Amino acid sequence: MKASTHTSIALVNKTAPYGQANGQESLDLALAAGSFGQDLSLFFIEDGVFQLLAKQAPACIEVKNYSKTFAALEFYDIEHIYVCSDSLKARNLEPKNLCIELEVLSKKDLQQRLSQHQHILSF
Amino acid sequence: MASFSLLITKPSFDAQDAYSAYRFAVAALKLQHRLKGIFFYQAGVHNSNAFQTGHSDELNLHQKWLALAKTHNVPLLVCVTAANRRGIINQQDAVELDIEHFNLSAPFTEVGLGDLVELLNASDRVLQF
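Residues numbered from 1 in each chain as written. Chains lettered and ligands numbered in written order. Predicted model: local features only at pLDDT ≥ 70, side-chain atom pairs only at ≥ 80, totals over all residues.

S.K.: Whenever I open this one, the overall build of chain B confuses me. Can you help?
M.R.: Within chain B, the regular secondary structure consists of five helices and five strands. Moving toward the C terminus, one meets the helices and strands of chain B in the order β-α-β-α-β-α-α-β-α-β. Taking 14 Å as the expected radius of gyration for a compact globule of 129 residues, we find that chain B reaches 14 Å, a close match to that expectation. Seen through its principal axes, chain B has C-alpha atoms that stretch 45 × 40 × 25 Å. Classification of the 129 residues of chain B by burial places 42% in the buried group. When contacts within chain B are restricted to residue pairs at least 6 apart in sequence, long-range pairs at least 24 apart make up 74% of them. (Helix = DSSP H or I, 4+ residues; strand = E, 2+ residues; numbered from the N terminus. Rg over C-alpha atoms; globule rule 2.2 N^0.38 Å. Buried ≥ 20, exposed ≤ 12 C-beta atoms within 10 Å, placed from the backbone. Contact = placed C-beta atoms within 7 Å.)

Written out as structure tokens, the structure is:
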């Protein structure tokens, strides 16, 4: 973890994109926290891993493709991004199917990493 | 004594979550913990809608929040983007957008997500409902 005077915040994304607004509003919060120089980590678990899929085309349901913004996270100094390998496997997905490079952790390691954060918000 | 903040992401009527948050707030204040602020995000912004007029013999959580803020001076912060997306606007926005009515007013305050980040930094514990 990088040194910071701020408290550490974890955003846990556990719902698929578009069916609900959770993913988009979680990302909005991530960008706001990032621009405040916050010590922030993003976790993608359960159906939340679907948010990371490459080649999303939600224009056919008249929704903005917010997954394109994931590529901009590094410019907000948001470098701690984790995806659950168990959740990927359960959905027959692999890291190569995802739109950004990120750290793949087992459920157990992910829980351990999550416990290091002061505040945990879930979307 | 600990300092708490609440993040409310569920609406006032459709689910019990926001009422549970209210009960937590009352209990925490009774035990003399500090409540730094209550932030309404996602569908939680519906709590701030002043046009909630249910039956008179039913709970009106909006009114409960108003009373809590008045009695204990707790800031009620509403994400402006999330609110506007869900048809909740204050007087200034209504004037600027040429909309006849508005349904968000003090003590509920329109703020940005940066205010939530500041609230997180200022609190020992944050509970999400």
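Now that the structure has been shown, the text picks up again.
S.K.: Hey, could you run me through the pairing of strand β2 (residues 39-44) of chain A in this one?
M.R.: It is a general feature of regular strands that their side chains alternate between the two faces of the sheet. Residues and elements named next belong to chain A. In terms of residue burial, β2 counts as a mostly covered element, since six of its six residues are buried. Covered by surrounding structure in β2 are Asp 39, Ser 41 and Phe 43 together with Leu 40, Leu 42 and Phe 44, the residues of both alternating faces. Across six bridges, strand β1 (residues 8-13) lies against β2 in parallel orientation. Note on β2: the bridge partner recorded for Leu 11 is Leu 42. Regarding topology, helix α1 (residues 22-35) serves as the crossover connection from β1 to the parallel β2, and that connection is right-handed. (Pairing = 2+ DSSP bridges. Right-handed = clockwise from strand over helix to strand, strands pointing away.)

S.K.: Would you mind showing me how to read the sheet that holds strand β2 (residues 34-40) of chain B here?
M.R.: Strand pairing within a sheet occurs via backbone hydrogen bonds; the two strands may be parallel or antiparallel. All names here are of chain B. Pairing in this open sheet of five strands is parallel, and the strands run β4-β3-β2-β1-β5 from one edge to the other. Every interior strand has two partners, whereas the edge strands, β4 (108-111) and β5 (125-128), have only one. Between one strand and the next, the sheet's axes are offset by a mean angle of 25°, whatever the strand orientation. (Axes fitted to C-alpha atoms, helices over the stretch in contact; angles between N-to-C directions.)

S.K.: Looking at this structure, I do not really get the sheet that holds strand β3 (residues 80-84) of chain A. What am I missing?
M.R.: Residue and element names in this part refer to chain A. Spatially, the five strands line up as an open sheet ordered β4-β3-β2-β1-β5, and their pairing is parallel. In this open sheet, the two edge strands, each paired with only one partner strand, are β4 (103-105) and β5 (119-122). Going from strand to strand, the sheet's axes swing by 25° on average, the running direction of each strand aside. Across the sheet, helix α3 (residues 107-114) lies against β1, β2, β3, β4 and β5, angled at about 145° from β3, the strand it touches most.

S.K.: Teacher, can you tell me more about the interface of chain A and chain B here?
M.R.: Interfaces are often sized by the accessible area lost when the parts come together. Of the residues lining the interface, 14 residues belong to chain A; the matching set on chain B comes to 14 residues. Elements that contribute at least two residues to the side of chain A that touches chain B include exactly α1 and β5 of chain A. The leading source of residues in the side of chain A that touches chain B is α1 of chain A, at five residues. By residue class, the composition of the side of chain A that touches chain B is seven nonpolar, five polar and two charged. (Nonpolar A, V, L, I, M, F, W, Y, C, P; charged D, E, K, R; others polar.)

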